[in-house]
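# Structure assessment
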Amino acid sequence: VGRQRVQSPADLAALATPLLARREQEELHVAVVDGRNGLLALHQVYVGTATGTSVRIAELLRPVVDGGGVGFALVHNHPSGDPEPSEEDLRLTAEVVAAARLLDLEFLTHLVIGRGHWASSRSQRPTIWATTAAPD
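Attention now moves to the packing of helix α2 (residues 57–66) against helix α3 (residues 87–102). Between α2 and α3, the shortest axis-to-axis distance is 10 Å and the interhelical angle comes to 50°. Put simply, α2 runs oblique to α3. The handedness of the crossing between α2 and α3 comes out as right-handed. On α3, the residues touching I57, L60 and L61 of α2 are L92, E95, V96, A99 and A100. When the residues that make up the contact of α2 with α3 are grouped by side-chain class, the tally is seven nonpolar, no polar and one charged.

Structure follows, in structure tokens:
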């Protein structure tokens, strides 16, 4: 069975933009992939308010582990339409990088969808992936 492949942030954006670009509340989804980056599932894990959401790392990674995924990407929308990752988005990304390493999961990227645009935190902030996140 041929699965849709998530080879790049643009592939994920093509999947997620139609779903998320016009939502009025922030939604966070986890794209679960197999060892060849074939999409196994796209799970909605949080729905927030117009300005944010509160996230538990365990809840983000559960669909990956339960679904037998080898890797995953996070994708969420900004109802404001601005895809620039917030400080909270970047902090969450760093925490998920550390947790994924502990679970031996490949964290592909954290994508933020705006209106007509998207941003990949891995492309924009590769240093988050390059170092182990230090505790505060």
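The structure having been displayed, the exposition proceeds.
Note on placement: E27 falls in strand β1 (residues 27–33). The contact partners of E27, leaving out residues within four places of it in the chain, are L20, Q44, Y46, V47, V75, H76 and N77.

Further remarks concern the pattern of salt bridges. Applying the stated rule across the entire model yields five salt bridges. Residue E59 pairs with R56 through a salt bridge whose shortest N-O separation is 3.0 Å. E59 gets classed as partly exposed once you look at its relative accessible area, which sits at 27%. Ionic pairing is found between E84 and R125, a salt bridge with its closest N-O pair at 3.8 Å. With a gap of 41 residues between them, E84 in the loop between β3 (71–77) and α3 and R125 in the loop between α4 (121–124) and α5 (127–130) connect regions that are remote in the sequence. A relative accessible area of 29% means that R125 is categorised as partly exposed.

What counts and what doesn't
Residues numbered from 1 in each chain as written. Predicted model: local features only at pLDDT ≥ 70, side-chain atom pairs only at ≥ 80, totals over all residues. Heavy atoms only, no water. Axes fitted to C-alpha atoms, helices over the stretch in contact; angles between N-to-C directions. Helix = DSSP H or I, 4+ residues; strand = E, 2+ residues; numbered from the N terminus. Parallel < 35°, antiparallel > 145°, perpendicular 65-115°, else oblique. Left-handed = near helix turned anticlockwise from the far one by under 90°. Contact = heavy atoms within 4.5 Å. Nonpolar A, V, L, I, M, F, W, Y, C, P; charged D, E, K, R; others polar. Salt bridge = Lys/Arg side-chain N within 4 Å of Asp/Glu carboxyl O. Buried < 20%, exposed > 50% of the residue type's maximum accessible area, 1.4 Å probe, protein only.

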